[in-house]
Amino acid sequence: MAECGASGSGSSGDSLDKSITLPPDEIFRNLENAKRFAIDIGGSLTKLAYYSTVQHKVAKVRSFDHSGKDTEQDHEPPYEISVQEEVTARLHFVKFENTYIEACLDFIKDHLVNTETKVIQATGGGAYKFKDLIEEKLQLKVDKEDVMTCLIKGCNFVLKNIPHEAFVYQKDSDPEFRFQTNHPNIFPYLLVNIGSGVSIVKVETEDRFEWIGGSSIGGGTFWGLGALLTKTKKFDELLHLASRGQHTNVDMLVQDIYGGAHETLGLSGNLIASSFGKSATADQEFSKEDMAKSLLHMISNDIGQLACLYARLHCLDRVYFGGFFIRGHPVTMRTITYSINFFSKGEVQALFLRHEGYLGAIGAFLKGAEQDNPNQYSWGENYAGSSGLMSSSPELCPTQRARSGTFDLLEMDRLERPLVNLPLLLDPSSYVPDTVDLTDDALARKYWLTCFEEALDGVVKRAVASQPGSVDAAERAEKFRQKYWNKLQTLRHQPFAYGTLTVRSLLDTREHCLNEFNFPDPYSKVKQKDNGVALKCFQRVVSALDALDWEERQLALVKGLLAGNVFDWGAKAVSDVLESDPQFGFEEAKKKLQDNSGVDVILGVFPFVRELLSRGTEVILACNSGPALNDVTYSESLIVAERIAAMDPVIHSALREERLLLVQTGSSSPCLDLSRLDKGLAVLVREHGADLVVIEGMGRAVHTNYHAALCCESLKLAVIKNSWLAERLGGQLFSVIFKYEVPAE
């Protein structure tokens, strides 16, 4: 394994390869384009943050220029596709043990090409200890930032930008993490930071927070007393001892004092009456494990009660815990959760964060980047470049026990446009996009992971075919295969790695991995061909519809919508048919229905939109911002609409009079999260007083939003193109979902 910038003999980081599971350039990715840095150095872990510009390929579409030609050629595609380079912004966060700091700084120094700043923002106690080393190695001036301000800024950032950031810990569940849907308004909340001591901070807005209390009895107390009691000097070893201990051998319980009479007092006999109470009277030696467990309970219960009292005093029901005392250790989260539940009688919830360890580094980075106003953008986790949450529970994932010796990565991509809630959600705070939680449903998880594994060969084949002129397409496609396969295996063992596991997250991870290896739109040529064929059929389809009476036409329009939805290269049952029978067409699709791109939108959606326009309805047609499978994108829809308008006076006048508006959703997924939609779409929905939402497609209306409650009428429709899902829903392959809902009065 390559070393991460090997130092001289005897340096603190000259054996970096002993624990790195990735080559250094895969840890400090895109370092040559790094522009700005921040660092958070704690007692044992370093968290480095940097901003980089990422060049990647995007598929662009544009209409052909027909100037100077009499007519366009009949065989000509409806538009041209070009692959262009685009530059986007990415945040990188790397977490590693302080042991490796010198070697990592050497590696960064050797690979830095250009930075926009000569300053590195630094926070944490180690910012003072390592100041000279950082300035010497990186030739950047260290600008120290306030620890608490950085923590709060980091916490606000992850709660706003990572939907499944917060989780509750349930010790008897498999898996033990239960992720929470982020409230649309993250404020106010209580942050309990457990370092050497305990700091309790009330956070009211982005910039307003106050320290309201704390305690000197915290992580340092556990470590210090634990070292005295057990002679164990390492914090993680002390926690490991506690995980194997039995505190009842040391603690005095209620039943030890009252015997059976505790029931008349309304108390459980298993409650701790006195921590270490038995040690004063028992004539015996106690094991290190039992003493460590008793100590952990004593300190966790004290912190839990304190946090609960402050939460009640300030009328807060959301309490986030962080600090080195937590660090993802199940035994710590378990005791704090129990304590909070007990003292609040279940009214206050103990919440933990997936990226708790990065809060200081994120906050320090944001402080240094204030002139760029990073909070005006929305950011999304890049699953292809992030490690994900690991379980350090020995019984759940033994391979991850040595997690402190590995490098942990988080990458966040800046999204081009801010994302907000759909204004028509009935209750944004309770909205859950996904229909099935694969983290919970082991049977469904096994099926879908296998399904995505089996589809991988087809995706690789399609990716290579999409770039016939590229000499390295096959090599890049193979790298994509390996990376996505590895992600799927991680999710088999750690389904909670990226939050709640869903079909949507599996699809999104695949898209991220495809983009990683420069396959921006593997289905662009398929869509181009489909759209060309469908446009030639459009006039014939609408003429046939216009000849029907009203009732027959409504039924035919809906059948057309559903028939177009059959064309889905993401569904194996469909891709098998399309691969084996290229002539499979619109009429054949309608026959498949029990009594995507071109066919879906041009012959399905546009005739339906045309009917609505004809009766005086204004229509906002929202399409994906970026490519996903063979779904039409916003840029493709503009060209398609232009071509249809040239043939159809209804569409032409509606576009001219702005009764038909084409917008982007802000999504690049076959699924749809209505809590993360393009702000421009949300503004239009509000301004135009939209009173009907039509959600079309299996990804958008079945895998997501099947149970979404809106405050207006809605129509969810799709064709079930997966036999396992059809059977689970009580139907057959190619069954129809047609779900019309009216909100309750």
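Up top you'll find the structure we're talking about.
Rules used throughout
Residues numbered from 1 in each chain as written. Predicted model: local features only at pLDDT ≥ 70, side-chain atom pairs only at ≥ 80, totals over all residues. Heavy atoms only, no water. Pairing = 2+ DSSP bridges. Helix = DSSP H or I, 4+ residues; strand = E, 2+ residues; numbered from the N terminus. Axes fitted to C-alpha atoms, helices over the stretch in contact; angles between N-to-C directions. Expected span 1.5 Å × (residues − 1). Buried < 20%, exposed > 50% of the residue type's maximum accessible area, 1.4 Å probe, protein only. Contact = heavy atoms within 4.5 Å. Salt bridge = Lys/Arg side-chain N within 4 Å of Asp/Glu carboxyl O. Patch = residues over 30% accessible without salt bridge, like charges linked within 9 Å, V, L, I, M, F, W, Y side chains within 5 Å. Areas by Shrake-Rupley, 256 points an atom, 1.4 Å probe, with all protein chains shown as cover. Polar contact = N/O pair within 3.5 Å; in protein donor to acceptor, adjacent residues only side chain to side chain. Core = buried A, V, L, I, M, F, W, Y, C linked by side-chain atoms within 4.5 Å. Parallel < 35°, antiparallel > 145°, perpendicular 65-115°, else oblique. Left-handed = near helix turned anticlockwise from the far one by under 90°. Nonpolar A, V, L, I, M, F, W, Y, C, P; charged D, E, K, R; others polar.

Undergrad: Teacher, can you tell me more about the sheet that holds strand S8 (residues 189–194) here?
TA: Note: strands within a sheet are paired through backbone hydrogen bonds, in either parallel or antiparallel orientation. What the 7 strands build is an open sheet, ordered S7-S6-S14-S13-S8-S9-S10; its pairing is mixed. Edge strands, defined here as strands with exactly one partner in the open sheet, are strand S7 (177–179) and strand S10 (209–215). Sheet twist, expressed as the mean angle between neighbouring strand axes with direction ignored, is 35 degrees. With 3 bridges joining them, strand S6 (residues 166–169) and S7 adopt antiparallel strand pairing.

Undergrad: Is there a simple way to explain the sheet that holds strand S22 (residues 713–719) in this structure?
TA: What the 3 strands build is an open sheet, ordered S21-S22-S23; its pairing is mixed. Each edge of the sheet is formed by a strand with only one pairing partner; in this case those strands are strand S21 (692–696) and strand S23 (736–741). Recorded for the sheet is a direction-independent mean angle of 5 degrees between the axes of neighbouring strands. With 6 bridges connecting them, S22 and S23 associate as antiparallel partners. Of the residues in S23, the one forming a bridge with Ala718 is Ile737.

Undergrad: Explanation requested: helix H14 (residues 503–516) in the structure shown.
TA: Residues spaced three or four apart along an α-helix face the same direction, because each turn holds 3.6 residues. If you check H14, its first and last C-alpha atoms are 20 Å apart, about what 14 residues at 1.5 Å a residue would give, namely 20 Å. Turning to H14, its buried residues are Val503, Arg504, Ser505, Leu506, Leu507, Asp508, Thr509, Arg510, Glu511, Cys513 and Leu514. Lining the buried residues of H14 we find helix H12 (442–465), helix H13 (473–493) and helix H23 (698–703). Two residues or fewer past H14, Asn518 is found with a positive phi of approximately 60 degrees.

Undergrad: So what exactly am I meant to see when it comes to the pairing of strand S19 (residues 660–664) here?
TA: Residues in a regular strand point their side chains to alternate faces of the sheet. Taken across its 5 residues, S19 has 5 buried, putting it largely inside the fold. Side-chain alternation along S19 places Leu660, Leu662 and Gln664 on one buried face and Leu661 and Val663 on a second face that is also buried. Judged from the 5 bridges that link them, strand S18 (residues 619–623) and S19 form a sheet pairing that is parallel. If you follow Cys623 over to S19, its bridge partner there is Gln664.

Undergrad: Even after reading the chapter, I still don't get the pattern of salt bridges, so can you show me in this structure?
TA: Oppositely charged side chains can pair when the atoms bearing their charge come close. Within the structure shown, the criterion is met by 39 salt bridges. Salt-bridge contacts for Asp434 lead to Arg504; the nearest nitrogen and oxygen are separated by 2.7 Å. One end of the pair, Asp434, is in the loop between strand S17 (419–420) and H12; the other, Arg504, is in helix H14, with 70 residues separating them in the sequence. Neither residue differs from the other here; Asp434 and Arg504 are each classed as buried. With its nearest N and O atoms 3.0 Å apart, the salt bridge here joins Asp631 to Arg700. Remark: Arg700 occurs in helix H23 and Asp631 occurs in the loop between S18 and helix H20 (634–647); sequence separation between them is 69 residues. Accessibility classification places Asp631 together with Arg700 in one group, the buried group. Via salt bridges that share partners, Arg29, Arg90, Glu411, Asp413 and Glu516 belong to a single interconnected network.

Undergrad: Whenever I open this one, a nonpolar patch on the surface confuses me. Can you help?
TA: Taken together, the side chains of Leu692, Val694, Val736, Phe738, Tyr740 and Val742 define a hydrophobic patch exposed on the protein surface, amounting to about 510 Å² of accessible area. At the level of secondary structure, the elements contributing two or more residues to the nonpolar patch comprise S21 and S23. Sorting elements by how many residues they give to the nonpolar patch places S23 first, with 3 residues. Assignment of secondary structure puts Val736 in strand S23. Judged by its relative accessible area of 32%, Val736 falls in the partly exposed class.

Undergrad: Explanation requested: unusual backbone geometry in the structure shown.
TA: Only a minority of non-glycine residues have a phi that is not negative, and only a minority of peptide bonds are not trans. For the bond running from Phe187 to Pro188, omega is -10 degrees, close enough to zero to count as cis. Tracing the chain through its elements places Pro188 in the loop between S7 and S8. Of note, the phi angle at Lys345 is positive, near 55 degrees, even though the residue is not glycine. With respect to the helices and strands, the residue Lys345 is situated in the loop between helix H10 (330–344) and strand S14 (349–353). When its relative accessible area of 71% is taken as the criterion, Lys345 is described as exposed. Even without being a glycine, Phe734 presents a positive backbone phi close to 70 degrees. Residue position: Phe734 is located in the loop between helix H24 (723–728) and S23. The class of Phe734 is buried, set by a relative accessible area of 6%.

Undergrad: Help me understand the side chain of Thr509 in this model?
TA: Considering the arrangement of structural elements, one finds Thr509 in helix H14. A distance of 2.7 Å separates the side chain of Thr509 from the backbone oxygen of Ser505, its partner in a polar contact.

Undergrad: Even after reading the chapter, I still don't get the nonpolar core, so can you show me in this structure?
TA: Generally speaking, a soluble globular protein has its nonpolar side chains buried in company with each other. By size, the foremost hydrophobic cluster in this structure holds 43 residues, and its most contacted members are Leu190, Val192, Ile194, Phe222, Phe321, Phe325 and Phe352. Here this core takes 10 residues from helix H9 (residues 288–313), the largest share from any one element. When near neighbours in sequence (up to four residues on either side) are disregarded, Ile194 contacts Gly218, Gly219, Ile303, Phe321, Gly322, Gly323, Phe324, Phe325, Ile326 and Ile336. In terms of nonpolar packing, the next biggest core, distinct from the first, is built from 40 residues, Ala444, Phe452, Leu501 and Tyr706 among them.

Undergrad: Sorry, what's going on with the environment of Arg676 here?
TA: In this fold, Arg676 is placed in the loop between S19 and strand S20 (677–678). Take Arg676: its relative accessible area is 18%, and that puts it in the buried class. Every residue in contact with Arg676, bar those within four places of it in the chain, is listed here: Lys160, Asn161, Pro163, Trp379, Gly380, Leu415, Leu419, Val420 and Thr665. A distance of 3.0 Å separates the side chain of Arg676 from the backbone oxygen of Trp379, its partner in a polar contact.

Undergrad: Which parts of the structure should I look at to understand the pairing of S10?
TA: In this structure, strand S9 (residues 198–203) lies alongside S10, joined through 6 bridges in antiparallel fashion. Note that in S10 the partner of Ile200 across the bridge is Gly213. Counted along the chain from S9 to the antiparallel partner S10, the turn is 5 residues long.

Undergrad: How should I be thinking about the packing of H9 against H10 in this particular structure?
TA: The relative placement of two packed helices comes down to the angle between their axes together with the axis-to-axis distance. Where H9 contacts H10, the two axes come as close as 8 Å, and the packing angle between them is 45 degrees. Taken together, the axes of H9 and H10 lie oblique to each other. Considering the relative orientation of H9 and H10, their crossing is right-handed. Residues Lys293, Leu296, His297, Ser300, Asn301, Gly304, Gln305, Ala307, Cys308 and Arg312 of H9 touch H10, and the partners they reach there are Val331, Thr332, Thr335, Ile336, Ser339, Ile340, Phe343 and Ser344. Residues belonging to the contact of H9 with H10 are distributed by class as follows: 7 nonpolar, 9 polar and 2 charged.

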